[in-house]
Amino acid sequence: MLNIDCPWCGKRHETEFRYGGEAHIARPEDPAMLDDTDWAAFLFMRKNTKGYFAERWLHSHGCRRWFNVIRHTVTHEIVGAYKMGEKPPKLPKPAGGAK
Amino acid sequence: MAKNSPWITPAAAIARDFPAGLTELSPRAQVNLRGILDESSFMTAVKTATGIDLPITPNKVATGKDHKALWLSPDEWLLIGEGEADALVHRLENALTGQHVAINDVSANRTIFELSGPHGHHVLMKSSEFDFHPRVFAPGDCVQTLIAKSQAIVEQVGEDAFHIYVRSSFSRYVGAWLAEALAEYGAPA
Ligand SMILES: [Zn+2]
(Lines give C-alpha, C1' and ligand atoms only; values in the text may rest on other atoms or scores of the structure.)
Protein backbone atom coordinates (compact mmCIF):
# COMPACT_ATOMS: atom_id res chain seq x y z
CA MET A 1 0.00 0.00 0.00
CA LEU A 2 1.14 3.51 -0.75
CA ASN A 3 1.73 6.26 1.76
CA ILE A 4 0.95 9.48 -0.06
CA ASP A 5 2.18 12.84 1.15
CA CYS A 6 -0.76 15.23 0.96
CA PRO A 7 0.73 18.75 0.65
CA TRP A 8 -1.59 19.86 3.48
CA CYS A 9 -2.15 16.83 5.74
CA GLY A 10 1.15 15.01 5.39
CA LYS A 11 1.63 11.28 4.90
CA ARG A 12 -1.61 9.34 4.73
CA HIS A 13 -2.63 5.90 3.68
CA GLU A 14 -3.62 5.25 0.07
CA THR A 15 -7.22 4.36 1.06
CA GLU A 16 -7.88 8.04 1.88
CA PHE A 17 -7.16 9.09 -1.71
CA ARG A 18 -8.59 8.86 -5.18
CA TYR A 19 -6.50 8.61 -8.29
CA GLY A 20 -6.93 11.27 -10.98
CA GLY A 21 -4.74 10.16 -13.87
CA GLU A 22 -1.98 12.02 -15.67
CA ALA A 23 -1.18 15.52 -14.43
CA HIS A 24 -0.43 18.72 -16.34
CA ILE A 25 -2.90 18.23 -19.17
CA ALA A 26 -4.03 21.69 -20.12
CA ARG A 27 -7.58 22.11 -21.32
CA PRO A 28 -7.59 23.68 -24.78
CA GLU A 29 -8.21 27.44 -24.64
CA ASP A 30 -10.99 27.27 -27.21
CA PRO A 31 -12.43 23.75 -27.53
CA ALA A 32 -14.81 24.85 -30.28
CA MET A 33 -11.85 25.46 -32.58
CA LEU A 34 -10.63 21.86 -32.28
CA ASP A 35 -11.44 19.14 -34.77
CA ASP A 36 -12.57 15.75 -33.50
CA THR A 37 -9.09 14.27 -33.63
CA ASP A 38 -7.55 16.98 -31.49
CA TRP A 39 -10.48 16.99 -29.06
CA ALA A 40 -10.27 13.22 -28.70
CA ALA A 41 -6.53 13.51 -28.15
CA PHE A 42 -7.16 15.93 -25.29
CA LEU A 43 -9.94 13.85 -23.77
CA PHE A 44 -8.64 10.34 -24.11
CA MET A 45 -5.00 10.10 -25.01
CA ARG A 46 -2.67 9.63 -22.06
CA LYS A 47 0.91 8.58 -21.66
CA ASN A 48 1.54 5.04 -20.51
CA THR A 49 4.81 5.78 -18.78
CA LYS A 50 7.04 3.10 -17.39
CA GLY A 51 9.01 5.09 -14.87
CA TYR A 52 8.52 8.39 -13.07
CA PHE A 53 5.07 9.77 -13.82
CA ALA A 54 3.33 13.01 -12.82
CA GLU A 55 -0.21 12.20 -11.77
CA ARG A 56 -3.12 13.78 -9.93
CA TRP A 57 -4.48 12.57 -6.63
CA LEU A 58 -7.44 13.73 -4.56
CA HIS A 59 -7.34 13.52 -0.76
CA SER A 60 -10.98 12.49 -0.89
CA HIS A 61 -11.43 11.33 2.71
CA GLY A 62 -9.20 14.04 4.16
CA CYS A 63 -8.92 17.68 3.13
CA ARG A 64 -10.53 17.04 -0.29
CA ARG A 65 -7.82 18.89 -2.23
CA TRP A 66 -6.43 17.87 -5.61
CA PHE A 67 -2.66 17.84 -5.94
CA ASN A 68 0.10 16.25 -8.01
CA VAL A 69 2.40 13.38 -7.20
CA ILE A 70 5.48 12.04 -8.96
CA ARG A 71 5.33 8.28 -8.69
CA HIS A 72 7.36 5.53 -10.29
CA THR A 73 4.87 3.34 -12.10
CA VAL A 74 6.93 0.18 -11.60
CA THR A 75 8.38 0.53 -8.12
CA HIS A 76 5.66 2.82 -6.71
CA GLU A 77 8.41 5.02 -5.30
CA ILE A 78 6.95 8.46 -4.64
CA VAL A 79 9.41 11.25 -5.30
CA GLY A 80 7.25 14.09 -4.05
CA ALA A 81 3.87 15.73 -3.94
CA TYR A 82 3.12 19.32 -4.88
CA LYS A 83 0.16 21.63 -5.02
CA MET A 84 -1.64 22.52 -8.23
CA GLY A 85 0.24 25.31 -9.98
CA GLU A 86 3.55 24.48 -8.28
CA LYS A 87 6.60 23.21 -10.09
CA PRO A 88 7.23 19.45 -9.93
CA PRO A 89 10.17 18.30 -7.82
CA LYS A 90 13.39 17.25 -9.55
CA LEU A 91 13.37 13.66 -10.71
CA PRO A 92 16.06 11.41 -9.31
CA LYS A 93 18.53 9.94 -11.80
CA PRO A 94 17.28 6.54 -12.86
CA ALA A 95 19.28 4.07 -10.80
CA GLY A 96 20.05 0.55 -11.90
CA GLY A 97 17.00 -1.68 -11.88
CA ALA A 98 13.90 0.44 -12.25
CA LYS A 99 14.01 3.03 -14.99
CA MET B 1 -42.21 21.03 17.30
CA ALA B 2 -39.23 22.41 19.15
CA LYS B 3 -36.61 23.00 16.54
CA ASN B 4 -33.90 21.17 18.36
CA SER B 5 -35.93 18.33 19.77
CA PRO B 6 -32.93 16.05 20.08
CA TRP B 7 -32.28 14.22 16.88
CA ILE B 8 -32.52 10.50 17.21
CA THR B 9 -29.67 8.98 15.23
CA PRO B 10 -29.56 5.33 14.17
CA ALA B 11 -26.89 4.80 16.84
CA ALA B 12 -29.41 5.58 19.56
CA ALA B 13 -30.87 2.12 19.09
CA ILE B 14 -27.68 0.50 20.40
CA ALA B 15 -26.13 3.30 22.48
CA ARG B 16 -27.75 2.00 25.69
CA ASP B 17 -25.60 -1.12 25.47
CA PHE B 18 -22.30 0.65 24.76
CA PRO B 19 -19.48 -0.47 27.06
CA ALA B 20 -18.09 1.98 29.58
CA GLY B 21 -15.80 4.38 27.73
CA LEU B 22 -18.10 4.90 24.74
CA THR B 23 -21.06 7.28 24.59
CA GLU B 24 -23.01 9.12 21.94
CA LEU B 25 -23.08 12.82 22.85
CA SER B 26 -26.23 14.90 22.71
CA PRO B 27 -26.47 17.05 19.57
CA ARG B 28 -24.21 20.10 19.32
CA ALA B 29 -24.18 23.17 17.17
CA GLN B 30 -22.01 22.40 14.16
CA VAL B 31 -21.39 25.05 11.53
CA ASN B 32 -19.33 24.58 8.41
CA LEU B 33 -17.47 27.75 7.49
CA ARG B 34 -15.64 28.40 4.24
CA GLY B 35 -13.75 31.54 3.36
CA ILE B 36 -10.56 32.92 1.91
CA LEU B 37 -7.71 32.70 4.36
CA ASP B 38 -5.56 35.28 2.56
CA GLU B 39 -8.14 38.01 3.12
CA SER B 40 -7.36 39.44 6.53
CA SER B 41 -10.91 40.81 6.77
CA PHE B 42 -12.14 37.22 6.87
CA MET B 43 -9.99 36.15 9.81
CA THR B 44 -10.76 39.38 11.66
CA ALA B 45 -14.50 39.01 11.19
CA VAL B 46 -14.48 35.41 12.38
CA LYS B 47 -12.48 36.46 15.40
CA THR B 48 -15.06 39.17 16.12
CA ALA B 49 -17.96 36.74 15.79
CA THR B 50 -16.50 33.80 17.70
CA GLY B 51 -13.43 34.99 19.58
CA ILE B 52 -11.45 32.33 17.74
CA ASP B 53 -8.33 32.69 15.63
CA LEU B 54 -9.10 30.05 13.02
CA PRO B 55 -6.39 27.39 12.93
CA ILE B 56 -4.32 27.70 9.78
CA THR B 57 -2.14 24.69 10.54
CA PRO B 58 -3.78 21.62 8.99
CA ASN B 59 -5.60 19.24 11.32
CA LYS B 60 -5.45 21.47 14.39
CA VAL B 61 -8.20 22.69 16.68
CA ALA B 62 -8.50 26.22 18.08
CA THR B 63 -10.64 26.67 21.16
CA GLY B 64 -12.46 29.83 22.19
CA LYS B 65 -14.79 30.59 25.06
CA ASP B 66 -18.03 29.23 23.58
CA HIS B 67 -16.88 27.50 20.44
CA LYS B 68 -14.03 25.63 18.90
CA ALA B 69 -12.86 25.42 15.30
CA LEU B 70 -11.52 22.31 13.58
CA TRP B 71 -9.34 22.70 10.50
CA LEU B 72 -10.93 20.75 7.64
CA SER B 73 -9.18 22.11 4.56
CA PRO B 74 -7.24 25.23 3.53
CA ASP B 75 -10.48 27.20 3.25
CA GLU B 76 -12.83 25.25 5.49
CA TRP B 77 -13.46 24.85 9.21
CA LEU B 78 -16.01 23.13 11.42
CA LEU B 79 -17.20 25.33 14.27
CA ILE B 80 -18.68 23.52 17.24
CA GLY B 81 -20.52 24.75 20.29
CA GLU B 82 -23.18 23.76 22.78
CA GLY B 83 -26.87 23.99 21.97
CA GLU B 84 -28.30 25.23 18.69
CA ALA B 85 -26.49 26.61 15.71
CA ASP B 86 -28.83 29.52 14.90
CA ALA B 87 -27.15 32.11 17.08
CA LEU B 88 -23.69 31.22 15.79
CA VAL B 89 -24.86 31.25 12.17
CA HIS B 90 -26.41 34.70 12.61
CA ARG B 91 -23.32 36.09 14.31
CA LEU B 92 -21.11 34.80 11.51
CA GLU B 93 -23.48 36.07 8.81
CA ASN B 94 -23.52 39.53 10.36
CA ALA B 95 -19.77 39.69 10.80
CA LEU B 96 -19.05 38.37 7.30
CA THR B 97 -21.64 40.32 5.30
CA GLY B 98 -20.39 41.01 1.78
CA GLN B 99 -17.48 38.60 1.98
CA HIS B 100 -17.01 35.57 -0.25
CA VAL B 101 -17.91 32.92 2.32
CA ALA B 102 -20.21 29.96 2.94
CA ILE B 103 -21.82 29.45 6.34
CA ASN B 104 -23.86 26.30 6.78
CA ASP B 105 -25.58 24.73 9.75
CA VAL B 106 -24.51 21.09 9.52
CA SER B 107 -25.48 20.09 13.06
CA ALA B 108 -27.59 17.18 11.84
CA ASN B 109 -24.90 15.92 9.49
CA ARG B 110 -22.72 14.12 11.98
CA THR B 111 -23.27 12.60 15.38
CA ILE B 112 -20.45 12.58 17.90
CA PHE B 113 -19.15 9.58 19.80
CA GLU B 114 -16.97 10.11 22.81
CA LEU B 115 -14.32 7.49 23.41
CA SER B 116 -12.54 7.76 26.73
CA GLY B 117 -10.28 5.77 28.99
CA PRO B 118 -6.85 4.22 28.64
CA HIS B 119 -7.74 2.21 25.52
CA GLY B 120 -9.24 4.93 23.36
CA HIS B 121 -6.22 5.20 21.10
CA HIS B 122 -5.94 1.40 20.88
CA VAL B 123 -9.51 1.24 19.61
CA LEU B 124 -8.76 3.93 17.03
CA MET B 125 -5.50 2.29 15.99
CA LYS B 126 -7.27 -0.92 15.09
CA SER B 127 -10.14 0.89 13.40
CA SER B 128 -8.11 3.03 11.02
CA GLU B 129 -5.01 3.17 8.90
CA PHE B 130 -4.24 6.59 10.33
CA ASP B 131 -1.59 6.50 13.05
CA PHE B 132 -3.31 7.35 16.34
CA HIS B 133 -0.23 6.61 18.41
CA PRO B 134 0.20 9.30 21.10
CA ARG B 135 3.57 10.27 19.64
CA VAL B 136 1.87 11.62 16.50
CA PHE B 137 -1.68 12.41 17.63
CA ALA B 138 -2.26 14.50 20.72
CA PRO B 139 -4.85 16.74 22.39
CA GLY B 140 -5.65 19.66 20.09
CA ASP B 141 -5.24 17.55 16.96
CA CYS B 142 -8.04 16.56 14.62
CA VAL B 143 -8.01 14.38 11.53
CA GLN B 144 -10.35 13.48 8.72
CA THR B 145 -9.83 9.86 7.88
CA LEU B 146 -11.59 6.50 7.67
CA ILE B 147 -12.82 4.73 10.79
CA ALA B 148 -13.90 1.21 9.95
CA LYS B 149 -13.96 2.38 6.31
CA SER B 150 -16.44 5.18 7.11
CA GLN B 151 -15.54 8.81 6.68
CA ALA B 152 -15.01 10.40 10.08
CA ILE B 153 -13.44 13.32 11.86
CA VAL B 154 -11.50 12.36 14.97
CA GLU B 155 -10.54 14.99 17.53
CA GLN B 156 -8.46 14.33 20.58
CA VAL B 157 -10.13 16.37 23.32
CA GLY B 158 -8.02 15.23 26.28
CA GLU B 159 -5.16 13.01 27.30
CA ASP B 160 -7.47 9.97 27.17
CA ALA B 161 -10.52 11.25 25.33
CA PHE B 162 -11.53 11.43 21.69
CA HIS B 163 -14.54 12.73 19.81
CA ILE B 164 -15.43 10.84 16.66
CA TYR B 165 -17.72 12.70 14.25
CA VAL B 166 -19.59 10.29 12.01
CA ARG B 167 -22.31 10.80 9.43
CA SER B 168 -25.59 10.08 11.18
CA SER B 169 -26.58 7.44 8.65
CA PHE B 170 -23.36 5.52 9.40
CA SER B 171 -23.63 5.98 13.14
CA ARG B 172 -25.18 2.65 14.03
CA TYR B 173 -22.55 0.76 12.11
CA VAL B 174 -19.62 2.80 13.44
CA GLY B 175 -21.07 2.80 16.96
CA ALA B 176 -21.39 -0.98 16.89
CA TRP B 177 -17.84 -1.27 15.56
CA LEU B 178 -16.41 0.95 18.30
CA ALA B 179 -18.38 -0.88 20.98
CA GLU B 180 -17.03 -4.21 19.82
CA ALA B 181 -13.49 -2.86 19.42
CA LEU B 182 -13.60 -1.54 22.97
CA ALA B 183 -15.17 -4.67 24.46
CA GLU B 184 -12.00 -6.76 24.36
CA TYR B 185 -10.34 -4.46 26.88
CA GLY B 186 -13.08 -5.16 29.43
CA ALA B 187 -14.53 -2.65 31.83
CA PRO B 188 -12.04 -0.02 32.98
CA ALA B 189 -10.72 -0.87 36.44
ZN1 LIG C 1 -5.07 16.37 2.74
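Worth saying up front: this structure is predicted, and the values here are computed from it rather than measured.

Rules used throughout
- Residues numbered from 1 in each chain as written.
- Chains lettered and ligands numbered in written order.
- Predicted model: local features only at pLDDT ≥ 70, side-chain atom pairs only at ≥ 80, totals over all residues.
- Heavy atoms only, no water.
- Helix = DSSP H or I, 4+ residues; strand = E, 2+ residues; numbered from the N terminus.
- Buried < 20%, exposed > 50% of the residue type's maximum accessible area, 1.4 Å probe, protein only.
- Contact = heavy atoms within 4.5 Å.
- Areas by Shrake-Rupley, 256 points an atom, 1.4 Å probe, with all protein chains shown as cover.
- Lys, Arg positive; Asp, Glu negative; His and termini not counted.
- Charge placed at Lys NZ, Arg CZ, Asp CG, Glu CD.
- Buried area = accessible area lost by both parts, 1.4 Å probe.
- Salt bridge = Lys/Arg side-chain N within 4 Å of Asp/Glu carboxyl O.
- Polar contact = N/O pair within 3.5 Å; in protein donor to acceptor, adjacent residues only side chain to side chain.
- Nonpolar A, V, L, I, M, F, W, Y, C, P; charged D, E, K, R; others polar.
- Donors = N, O, S within 2.8 Å, 3.2 Å for Na, K, Ca; no water.
- Tetrahedral: all angles 85-135°; square planar, octahedral: opposite > 155°, others 65-115°.
- Arc of directions from axis to C-beta.
- Domains from an automatic or database assignment.
- Axes fitted to C-alpha atoms, helices over the stretch in contact; angles between N-to-C directions.
- Left-handed = near helix turned anticlockwise from the far one by under 90°.
- Core = buried A, V, L, I, M, F, W, Y, C linked by side-chain atoms within 4.5 Å.

*Asks:* Honestly, the overall build of chain A in this entry has me stumped. Any pointers?
*Replies:* If you tally the helices and strands in chain A, you get one helix and six strands. Scanning chain A from its N terminus toward the C terminus, one meets helices and strands in the order β-β-β-α-β-β-β. Along the first, second and third principal axes, the C-alpha set of chain A runs to 40 × 35 × 25 Å. Residues classed as buried in chain A amount to 34% of the 99 residues present. Contacts spanning at least 24 positions in sequence make up 47% of the contacts within chain A whose residues lie at least 6 apart. Surface summary for chain A: the accessible area is close to 6400 Å², and the carbon and sulfur share equals 54%. Averaged over its 16 positive side-chain charges, chain A has a centre that lies 8 Å from the centre of its 12 negative ones.

*Asks:* Where do I start with the interface of chain A and chain B in this structure?
*Replies:* Taken residue by residue, the interface counts twelve residues in chain A and 16 residues in chain B. Both faces considered, chain A and chain B share a buried interface measuring about 1100 Å² in area, 47% of it formed by carbon and sulfur atoms. Summed over the shared surface of chain A and chain B, the number is two salt bridges. In this structure, Asp75 of chain B and Arg65 of chain A form a salt bridge, with 3.6 Å as the shortest nitrogen-oxygen distance. Seen at the junction of chain A and chain B, the total is eight residue pairs in polar contact (both at pLDDT 80 or more). Among the residues forming the side of chain A that touches chain B, the class breakdown is three nonpolar, five polar and four charged.

*Asks:* What should I look at first to understand the coordination of the zinc ion in this one?
*Replies:* As a benchmark, a tetrahedral metal site with four donors has ideal angles of 109.5 degrees, while an octahedral site with six donors has ideal angles of 90 or 180 degrees. Residues and elements named next belong to chain A. Cys6 (SG), Cys9 (SG), His59 (ND1) and Cys63 (SG) make up the full set of protein donors to the zinc ion, lying at 2.0 to 2.4 Å. Metal-centred angles of 105 to 118 degrees between the four donor atoms at the zinc ion mark the site as tetrahedral. Written as a sequence motif, the donor residues of the zinc ion are C-x2-C-x49-H-x3-C. An identical accessibility class is assigned to Cys6 and Cys9; each is buried.

*Asks:* What exactly am I supposed to notice about helix α2 (residues 40–50) of chain B here?
*Replies:* Two residues of an α-helix separated by three or four positions point the same way, owing to the 3.6 residues in each turn. Residues and elements named next belong to chain B. Those residues of α2 that sit buried are Phe42, Ala45, Val46, Ala49 and Thr50. Taken end-on, α2 shows its buried residues confined to a sector of 110 degrees, consistent with a single buried face. Along α2, exposed side chains directed more than 90 degrees from the buried face belong to Ser40 and Thr48. In this structure, the buried residues of α2 make contact with β2 (29–34), β5 (76–81) and α3 (86–95). Just past α2, the residue Gly51 takes up positive phi, approximately 75 degrees.

*Asks:* What exactly am I supposed to notice about the domain arrangement of chain B here?
*Replies:* Frequently, the measure chosen for interface size is the accessible area that the parts lose on association. Residues and elements named next belong to chain B. Domain boundaries in chain B define domain 1 (12–27 + 109–183) and domain 2 (29–105). Facing the 13 residues of domain 1 at the interface are eleven residues of domain 2. Across the domain 1 to domain 2 interface the summed buried area is about 990 Å²; carbon plus sulfur atoms make up 47%. Note that Glu155 is salt-bridged to Lys68, the shortest N-O span being 3.0 Å. Joining domain 1 to domain 2, the criterion identifies six residue pairs in polar contact (both at pLDDT 80 or more). Elements supplying a minimum of two residues to the side of domain 1 that touches domain 2: β7 (110–116), β8 (142–147), β9 (150–158) and β10 (161–167). For the side of domain 1 that touches domain 2, the class distribution of residues is seven nonpolar, three polar and three charged.

*Asks:* What is the right way to read the packing of α2 of chain B against α3 of chain B from this model?
*Replies:* Helix packing geometry: the angle between the two helix axes and the distance between the axes. Residue and element names in this part refer to chain B. Packing of α2 against α3 leaves a shortest axis separation of 9 Å and a crossing angle of 145 degrees. Considering the relative orientation of α2 and α3, their crossing is right-handed. Residue-level inspection shows Ala45, Ala49 and Thr50 of α2 in contact with α3, the latter providing Leu88, Arg91, Leu92 and Ala95.

*Asks:* Just to check I follow, could you spell out the nonpolar core for this structure?
*Replies:* In globular proteins that are soluble, nonpolar side chains generally tend to be buried together. Counting residues in hydrophobic clusters, the biggest one holds 29 residues, and the most contacted among them are Val31, Leu33, Leu54, Leu79, Leu92 and Leu96 of chain B. Mapped onto this core, the elements with two or more residues apiece are β1 (3–6) and β5 (66–72) of chain A together with β2, α2, β4 (67–73), β5 and α3 of chain B. In contact with Leu96 of chain B, other than residues within four places in its own chain, are Leu33, Phe42, Ala45, Val46, Val101 and Ile103 of chain B. Formed by 23 residues, the second largest nonpolar core is a distinct cluster that contains Leu124, Ala152, Val154 and Val174 of chain B.

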